[in-house]
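# Structural overview for review
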Amino acid sequence: MSELTPPTIGTAQIALLEKLSNACAVSGDEQQVRKIVMEEIKAHAEDVRVDALGNVLAVRRAQSEGALRVMLAAHMDEIGFMIVDDDKEGLFRFELVGGIDVRVLPGKTVLVGKDNIPGVIGAKPIHLTEDGETGRKIPLESLRIDVGQNGAKIKPGDRATFATRFRQLGPSLVGKALDNRLGVATLIELVKNPPPNVELLAAFTVQEEIGLRGARVAAYACDPDLAIAIDSTPAFDLPAWDESENSAYNTRLGAGPAIYIADAGTLSDPRLVRHLARTAESAAIPFQFRQPGGGGTDAGAIHKVRAGIPSVSVSVPGRYAHTAAIVARLSDWQNTLALVYQSLSNLDRSILSVHR
Amino acid sequence: MKELIKKLVETVGPSGYESAVRELVQAEIGALADEMRVDALGNLIARKGAKAEGGMRVMLSAHMDEIGLIATHVDENGFVRFTTIGGVRPHTCIGGRVQFLNGARGLIYMEKPESPDRLPSFEQLYIDVGATSRANCPVKVGDIAAFDRPFVELNGRLVSKAMDDRISVAVMIEALRALKYSPHELYFVFSTQEEVGLRGATTSAYSIDPEIALSVDVTRVGDTPKDIKMEVSLGKGPAVKVRDGGMLSDPRVVRWMVDTAEKAGIPYQLEVLEGGTTDARAIQLTRAGVPVGCMSIPTRYIHSPSEMVDYNDVQQCVRLLVELISAPIQLG
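Residues numbered from 1 in each chain as written. Chains lettered and ligands numbered in written order. Predicted model: local features only at pLDDT ≥ 70, side-chain atom pairs only at ≥ 80, totals over all residues.

## Considerations on the interface of chain B and chain A
Condition: By definition, residues are in contact whenever their C-beta atoms, placed on the basis of the backbone, come within 7 Å of each other. Starting at the N terminus, helices and strands are each numbered in turn, a helix being any DSSP run of H or I of at least four residues and a strand any DSSP run of E of at least two. Throughout this entry, Asp, Glu, Lys and Arg are counted as charged residues, while Ala, Val, Leu, Ile, Met, Phe, Trp, Tyr, Cys and Pro are counted as nonpolar. The remaining residues, Gly among them, count as polar.
If you look at the interface, chain B gives 24 residues, while chain A gives 17 residues. When contributions to the side of chain B that touches chain A are tallied by element, the ones reaching two or more residues are strand E4 (68-74), strand E5 (80-85) and helix H4 (199-208) of chain B. Examining the composition of the side of chain B that touches chain A, we find that five residues originate from one element, H4 of chain B, more than from any other. Class assignment of the residues belonging to the side of chain B that touches chain A gives a composition of seven nonpolar, 12 polar and five charged.

## Some words on the sheet that holds strand E11 (residues 157-160) of chain B
Residues and elements named next belong to chain B. Quick reminder of the rule: At least two bridges found by DSSP between two strands are what make those strands a pair. The convention used is that axes are lines fitted to C-alpha atoms, helices contributing only their stretch in contact, and that angles between N-to-C directions extend from 0 to 180 degrees.
A sheet is described by the order of its strands in space; here three strands give the open sequence E10-E11-E17, paired in antiparallel fashion. Single-partner strands in this sheet number two, and they are strand E10 (152-154) and strand E17 (307-310). Each strand axis lies, on average, 30 degrees off the axis of its neighbour in the sheet, ignoring direction. Two strands pair when backbone bridges link them, and E11 and E17 are joined in this way by four bridges, in the antiparallel orientation. Paired with Ser160 across the bridge in E17 is Glu307.

## Some points on the nonpolar core
As a reminder of what qualifies: Each nonpolar core comprises buried Ala, Val, Leu, Ile, Met, Phe, Trp, Tyr and Cys residues, the members being joined through C-beta atoms within 7 Å. Any residue with 12 or fewer other C-beta atoms within 10 Å of its own C-beta is exposed, any with 20 or more is buried, and the rest are partly exposed; the C-beta atoms used are placed from the backbone.
Judged by nonpolar contacts, the single largest core of 191 residues is most densely connected at Leu72, Ala203 and Ile302 of chain A together with Val171 of chain B. The element contributing the most residues to this core is helix H3 (residues 163-178) of chain B, with nine residues. Each residue touching Val171 of chain B, except ones within four places of it in the same chain, is listed here: Val216, Ile297, Val314, Cys317, Val318 and Leu321 of chain B.

## Observations regarding the pairing of strand E6 (residues 97-100) of chain B
Residue and element names in this part refer to chain B. Sheet topology places E6 next to strand E7 (residues 105-110); three bridges connect them, and they run antiparallel. In the sheet register, Gln99 faces E7, and the bridge partner there is Arg105. In this structure, the hairpin formed by E6 and E7 is closed by a connection of four residues, where Gly103 is found at a positive phi of approximately 100 degrees. The sheet contact formed by E6 and strand E9 (residues 144-147) spans three bridges and is antiparallel. Across the sheet, Gln99 pairs through a bridge with Ala146, a residue of E9.

## Focus on the sheet that holds strand E1 (residues 47-50) of chain A
Across a sheet, strands are paired by hydrogen bonds formed along the backbone, either parallel or antiparallel in direction. Residue and element names in this part refer to chain A. Strand order in the open sheet formed by eight strands is E1-E2-E12-E3-E13-E16-E14-E15, with mixed pairing between adjacent strands. Strands at the two margins of the open sheet, each flanked by one partner only, are E1 and strand E15 (288-290). Averaged over neighbouring strand pairs, the angle between their axes works out to 25 degrees when direction is ignored. The pairing of E1 with strand E2 (residues 56-60) spans four bridges and is classified as antiparallel. Pairing of Val48 across the sheet is with Ala58, part of E2. Relative to E2, helix H2 (residues 31-41) is tilted by about 15 degrees, and along the sheet it contacts E1, E2 and strand E12 (198-205). Sitting on the sheet, helix H3 (residues 178-192) touches E2, strand E3 (68-75), E12, strand E13 (226-234) and strand E16 (311-318), and the angle it makes with E13 is about 140 degrees.

## Some thoughts on H4 of chain B
Residues and elements named next belong to chain B. Here H4 lies mainly inside the structure; eight of its 10 residues are buried. Arg199, Gly200, Ala201, Thr202, Thr203, Ser204, Ala205 and Ile208 are the residues of H4 that are buried. Of the surrounding secondary structure, the elements contacted by the buried residues of H4 are strand E2 (44-48), strand E3 (57-63), strand E12 (185-191), strand E13 (212-219) and helix H6 (279-284). Following H4 by one or two positions, Asp209 adopts a phi angle in the positive range, close to 55 degrees.

## Digging into the domain arrangement of chain B
All names here are of chain B. Heads up, the condition is: Delimitation of the domains relies on an automatic or database domain assignment.
The domain architecture assigned to chain B consists of domain 1 (2-66 + 161-326) and domain 2 (68-147). Relative placement of domain 1 and domain 2: their C-alpha centres are 31 Å apart. Here the side of domain 1 that touches domain 2 is composed, by residue class, of six nonpolar, three polar and three charged.

## Side note on helix H1 (residues 11-22) of chain A
Residue and element names in this part refer to chain A. The condition is simple: Here, expected helix span is obtained from the residue count minus one, scaled by 1.5 Å. The directions from the helix axis to the C-beta atoms form the arc being described.
Taking 1.5 Å of rise per residue, the 12 residues of H1 would be expected to cover 16 Å, and the 16 Å separating its terminal C-alpha atoms lies within 8% of that figure. All buried positions along H1 are accounted for by Gln13, Leu17, Leu20 and Ser21. Angularly, the buried residues of H1 cover 95 degrees about the axis, an arc narrow enough to put them on a single face. Opposite the buried face of H1, at more than 90 degrees from it, the exposed residues are Thr11, Ala12 and Ala15. Buried residues along H1 sit in contact with H2, strand E11 (172-175) and H3.

## Concerning the domain arrangement of chain A
Residue and element names in this part refer to chain A. Each domain of chain A was delimited in the assignment, giving domain 1 (11-78 + 176-352) and domain 2 (81-162). Here domain 1 and domain 2 have C-alpha centroids that lie 31 Å from each other. Across the boundary between the two partners, domain 1 contributes 11 residues, which contact 11 residues of domain 2. Its residues assigned to classes, the side of domain 1 that touches domain 2 shows four nonpolar, three polar and four charged.

## What about the pairing of strand E4 (residues 80-86) of chain A?
Residue and element names in this part refer to chain A. Sheet analysis places E4 next to strand E5 (residues 91-97), joined by six bridges and oriented antiparallel. Looking at the pairing, Phe81 lines up with Leu96 of E5. Sheet topology note: the E4/strand E9 (residues 159-162) ladder contains two bridges and is antiparallel. Bridging across to E9, Met82 finds its partner in Arg159.

## Focus on the packing of helix H1 (residues 2-9) of chain B against H3 of chain B
Residue and element names in this part refer to chain B. Applicable threshold: Each angle gets one of four labels, with under 35 degrees taken as roughly parallel, over 145 as roughly antiparallel, 65 to 115 as roughly perpendicular, and the rest as oblique. We call a crossing left-handed when the near helix sits turned anticlockwise from the far one by less than a right angle, and right-handed when that turn is clockwise.
Contact geometry of H1 with H3 gives a least axis separation of 9 Å together with a crossing angle of 140 degrees. Put simply, H1 runs oblique to H3. Note that H1 runs across H3; the crossing there is right-handed. In contact with Leu4, Ile5, Leu8 and Val9 of H1, H3 contributes Met163, Arg166, Ile167, Val169, Ala170 and Ile173.

Laid out in structure tokens, this is it:
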């Protein structure tokens, strides 16, 4: 039995994350990311297929008979926009895809359609605003994507997303869609370097941001013994300016992978929560518990499929989720990969011998 | 039966953390069921009997979980911030007592309200467990708590937290105990995570694949001062649910329940509930669909720490359930 070589994050992995972050894959059209995923994993996985909704499902068999079948889910889609109407002169009305705060939109640069045509969501210059106008948010109906009269190829139904380009800033990573390209990159590494004791059912899912739709059908097909969703979750860890304690931080940057106990869609299986926490403690991997309440991951769909699947989620914290740029820490990403790998390496059927 | 009810309602078991309740149920029915198993979401599924001539595969579901609270933050002075598990409302919390799964006890209070006539939000509430700092607080982020109220009897009416839905759990246990014969393959499901979206019923119904199902749950009443008008009252017997916020009962099931009650001389009420739903909704939409209904136990003050049922109603519910499953079901 060979030594376990746990996967690590190096320059190659960061370069892959950059490619993933810069690719455009708004819910429902994940092709740009799917292509990268397929290129990366097809030489490594035993079975790779794309299902009816566009999920990429891949298997890494265990080295022993009767091994635990573990589904790992990471969603490929990002939040973004869909063109609704051509208002002529290169101006396009658009709708939101996924949960976006309209207040973060004015002034942002975007990329539209399969050809990534650049545009701007315009904002009224401040010297032309009226009294009180700056206190109100601009309704979505008044916003337009302006492509500078270069919109001949753009039509209703085209998707668009923020134009942010990925950068590494020392210990931090900045880019759009790090929710959930961090999870996708992590899962790619695990497919390439799986722990040998489990059967790994990797699901790169679609349409998470609009209702966990890919995960639901992927879980039905995988029919695993248990599941872990790997995602990115908000960190609201900036200090409160009045010097009171920040008690609603959700997660904190630099405090390690965030283990979910409860969100709006899932009450994590306590056996899996305990297993992850104990693994982190004995492997000296920093970790945190995400504050209970709100939000959701693919686990919300997975755990209710068929006769039920014990599930938990682990996320890389990121500030400014669902905006044009997420800030994450490289160390949190490294520790998330390490935690999932170690947790799978010491997992066997005995975890299910105690009832939930 | 009151001792059983008291044991059940006083156990701490919010959604997702029902194991203490399940162990109690297992101890009560272990000798009565032909087969028992616990599934991936913690549902306890107990099979009784096999299909005889004219029998069906029948699923009965009462949920073990109660609404509760989960700690989100412990501040530097040892006060615990929390969010809810299931439909808890702020006004039923203030001044109330809680008990955590780990045994710690506390009370809920609130910050000074912004204005005296606005109800506080959960962000303005906190739990005081008597700690003086984060370091000596026995509670940490993620810890689970339920309301903490003792069971009392008031003039033939029973009051406690978690009558929703432990009273139905008790009814199902007593029905199983009283059952002498059934032509059906019966699945008594003590389900989990109903309060957060019928999750246990969803998966247990998939694995049982029943031909007909009844949920047993509480329903509200219209017999208290100046409340929403509703025909159901305490003391008038089990309620046969026609419709609630998430489900239209199969009319054939309603007719079967009404016919059975009338034939057996059991008082009953017809129930139309404008809000809320039960496990039956999830079961109805499982796989290719299931004919469902619900037997409701009339209850005052649902989702408060002091839910009230009428003991006669409860006993009649046991009787009706036994009658329903003791004979072939003519859906007609």
